[in-house]
Amino acid sequence: MSGDGLILALETSCDDTCAAVITPDGAIRSNIISSQGVHDRFGGVVPEIASRQHLTLLPPVIDEALRTAGTTLDDVGLIAATRGPGLVAALLVGFCAGKALAAARELPFSAVDHLHAHIAASFLKPSEFEPPFLALIASGGHTLLAEVSDHRALRIIGQTLDDAAGEAFDKGARLLGLGYPGGAALERLAAEGDPGAFDFPAAARMPGLDFSFAGLKTALLYKVRDLGERETERRRADLAAAYQRAIVEALLLRVRRALQQTGARRLAVGGGVAANGPLREALGGLGVELDIPPRSLCTDNAAMVASAARYSPILAFPEYLELDVYATGERR
Amino acid sequence: MRILALDTATARTAVALRDIDTGANACMLGELDLSAVDDPPAGGRPGHAQRLLSLIDELLQQTETGWESIDRLAVGVGPGTFTGLRIGIASAQSLAAARALPLVGVSTLTSLALGAQERAPASATLAVIDARRGEAFVAGWASGADPLSGEPALAPRVLTPEQLARVAASSGTATRAVGDGAIKFRELLEAAGVEVPQDGSPLHRVSARVHCRLAALAEPSPDGRVEPEYLRRPDAEVARA
Ligand SMILES: [Zn+2]
């Protein structure tokens, strides 16, 4: 733990530039997120563009986090930053900025794992959801199931073999002409459609706890092609509803299996997909104790990084000066 | 004025600390430049993210300098590798913010040209940094022009080998080219009559020591932020254009 000082955390692993201040006992004082929005016209996050944006946006985002928290660096006792996994060039901006802030004041520093941070969102007030629990993290960057036995440890027991769940939403939205990122638009359109109108695969026959969404995306592509332009246009809401149902079912099926396999009775959910209404509804029907933090703590943010720092190794100055980031393959 | 400068635009991680007299003839009172010992092995990654802060820490310890006695920070803004520029600038902005220090952005090409002029005066100078992908970042100073005070006759730009050859040919035989890009395009430059010092020459090195001199004369950024000189748009934008 960091003593009495506030924790200032930075997160730049993908396309959100984030800084946050929390108290040593996990109360959020500020949580600033600057979503870049410049990637929409490219149909996905462009690492070089994201990194340039981070460099420009980070200083004002840090200033705003301190100002909103009503504090200054003088009251900060620990600096934290996301080390990985993520886009290396993007990670480097926040990680180097965080290390330098700490070094110039000889403050301790904590290098945080991004996935641990998503789970640590549940440790923040007001949730204060205590381990052990099962965690489902589903976003545009990652989809995984983890067994969380204590605050410091997570064991990944299932993850996506291809697309992330949020990516599946976005790609489906694009096929239906909803633009990028279109996950939220797809959900709105789906609300007017019949989820049973088409039978899209939820990879139910794939055993175990891993996810796969590539087949689902292909199924939608073929269906759109079969229907033709006019019929697709007429049945867009039905297509969206059925497609969304398949994603939710795929997630739900593996959550059920994981609960059974681990014997867990409690479930925490994070990642941007946790905002999806039908998914929340379905998870609510599982009959387990459920924690879904508010949306601002589910999507990438720095408050969760600060929270994870409370349960990560704290390095005293100058032990952290030579730390580098990690991409860890495709997982982020 | 005591200035701490750093540069991560090229493969070397360079830091320096100098006392510069604020008079018209800036005079050097003390210096330490750790860049010479830190050239990465051939083909190796620069590793700026791991080394920059520990180099600065080592420099401050060796010179028994505390942050409170530093008056100004300087950072090389490139051009150079995009990731390298961001590591240097993100770090420098944070150091400046954490210590409430004025921050100055320094052109890495200008520093390269000035450093070479200081060591061994030549007439005209081409500063050339390897831009990867077979291209070069280039700026040029005419004969008699001082990189310390004068704007380059050839403003910083990215050039293909063909364009570089044309620039070299038109800049005359009394021209000297320095920088890792000059080494890389030695054949082409020498064919045009431009002099390129031998590969191991210190004239080719970006030195943060020279940044200090430039930074002493520059106006600090009003908001503590400096912009990298990318000179190239991201590929994704170029592909769409
Ligand atoms: Zn994430």
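Throughout this document, residue positions are counted from 1 along each chain, in the order its sequence is written. Written order decides the labels, with chains lettered from A and ligands numbered from 1. Thresholds applied to this predicted model are a pLDDT of at least 70 for local features of residues and 80 or more for the giving and counting of side-chain atom pairs; totals over whole chains, interfaces and linings are not thresholded and use all residues. As a rule here, side-chain values cover all heavy atoms of the structure and leave hydrogens and water aside.

## Digging into the overall build of chain B
Thought 1: Each helix corresponds to a stretch of at least 4 residues labelled H or I by DSSP, and each strand to a stretch of at least 2 residues labelled E; elements are numbered beginning at the N terminus. Counting its secondary structure elements, chain B contains eight helices and eight strands.
Thought 2: The buried label goes to any residue with under 20% of its type's maximum accessible area, the exposed label to any with over 50%, and the partly exposed label to all in between, with areas taken from a 1.4 Å probe on protein chains only. Classification of the 241 residues of chain B by burial places 56% in the buried group.
Thought 3: For the area figures, the Shrake-Rupley method with a 1.4 Å probe applies, and any residue is considered shielded solely by the protein chains shown. Summing over all exposed atoms, chain B offers an accessible surface of approximately 9,900 Å²; the carbon and sulfur share of this is 49%.

## Topic: the packing of aromatic side chains
Residue and element names in this part refer to chain A.
Thought 1: In summary, the pairing rule links any two rings of Phe, Tyr or Trp, Trp by its six-membered ring, whose centres are within 6.5 Å, and it sorts them by plane angle into stacked for under 30 degrees, edge-to-face for over 60 and tilted for everything else. Enumeration according to the criterion identifies ten aromatic pairs over all chains in this entry.
Thought 2: Their ring planes at 40° and their centres at 5.2 Å tell us that F109 and Y320 sit as a pair that is tilted. Pair noted here: F109 is in strand β5 (residues 109-113) and Y320 is in the segment after α10 (303-309), with a separation of 211 residues, a long-range link. Accessibility classification places F109 together with Y320 in one group, the buried group.

## Concerning the interface of chain B and chain A
Many structure descriptions define interface size as the accessible area lost when the parts assemble.
Thought 1: In this complex, chain B contributes 28 residues to the contact, which on the side of chain A involves 29 residues.
Thought 2: Both sides of the chain B and chain A interface together cover about 2,600 Å² of buried area, and 63% of this is carbon and sulfur.
Thought 3: Among the residues of chain B in contact with chain A, L53(B), R86(B) and R225(B) are the three that bury the most area, contributing 21% of the side total.
Thought 4: For this document, the term salt bridge refers to a Lys or Arg side-chain nitrogen within 4 Å of an Asp or Glu carboxyl oxygen. At the boundary of chain B with chain A, the tally comes to two salt bridges.
Thought 5: Note that R86(B) is salt-bridged to E48(A), the shortest N-O span being 2.9 Å.
Thought 6: Of all the secondary structure elements, the ones that give two or more residues to the side of chain B that touches chain A are α1 (48-62), α2 (82-99) and α8 (235-240) of chain B.
Thought 7: Counting residues per element, the side of chain B that touches chain A draws most heavily on α2(B), which supplies 13 residues.
Thought 8: Its residues assigned to classes, the side of chain B that touches chain A shows 14 nonpolar, six polar and eight charged. Here, residues are in contact when the closest pair of their heavy atoms is within 4.5 Å. What counts as buried area is the accessible surface, traced by a 1.4 Å probe, that two parts surrender upon association, with contributions from both included. Here the term charged refers only to Asp, Glu, Lys and Arg, the term nonpolar to Ala, Val, Leu, Ile, Met, Phe, Trp, Tyr, Cys and Pro, and the term polar to all other amino acids, Gly among them.

## A short note on the coordination of the zinc ion
Residue and element names in this part refer to chain A.
Thought 1: Each metal site lists N, O and S donors within 2.8 Å (3.2 Å for Na, K and Ca). With water left out of the atoms, a site can look as if it is missing ligands. At 2.1 to 2.3 Å from the zinc ion lie its protein donor atoms, namely H114 (NE2), H118 (NE2), H142 (NE2) and D300 (OD).
Thought 2: Note on geometry labels: four donors, all angles 85 to 135 degrees, give tetrahedral; four donors become square planar and six octahedral when opposite donors are over 155 degrees apart and every other angle is between 65 and 115; remaining cases are irregular. Taken together, the four donor atoms coordinating the zinc ion and their angles of 88 to 158° define a geometry best described as irregular.
Thought 3: When the donor residues of the zinc ion are listed from N- to C-terminus, their spacing reads H-x3-H-x23-H-x157-D. Here H118 is found in helix α3 (residues 114-120), whereas its partner H142 is found in the loop between β6 (133-138) and β7 (143-150), with 24 residues between them in sequence. Residues H118 and H142 agree in their burial class; the two are buried.

## Focus on the packing of helix α4 (residues 165-175) of chain A against helix α7 (residues 236-262) of chain A
All names here are of chain A.
Thought 1: Interaxial angles span 0 to 180 degrees and are taken between N-to-C directions of axes, which are lines fitted to C-alpha atoms, for helices over the stretch in contact. Two elements in contact, α4 and α7, have axes separated by 11 Å at closest approach and are oriented at 170°. As far as their axial angle goes, α7 and α4 are roughly antiparallel. On α7, the residues that touch A165, A168, F169 and G172 of α4 are Y243, Q244, I247 and L251.
Thought 2: Taken together, the residues that form the contact of α4 with α7 break down as six nonpolar, two polar and no charged. To sort the angles, those under 35 degrees are grouped as roughly parallel, those over 145 as roughly antiparallel, those from 65 to 115 as roughly perpendicular, and the leftovers as oblique.

## Thoughts on the environment of L112(B)
Residue and element names in this part refer to chain B.
Thought 1: Mapping L112 onto the fold places it in helix α3 (residues 108-119).
Thought 2: Here the alpha-carbon distance between L112 and V138, two residues 26 residues apart in the chain, equals 11 Å.
Thought 3: Residues within four places of L112 in sequence aside, it is in contact with A127, V128, I129, V178, G179, L203, H204, R205 and V206.

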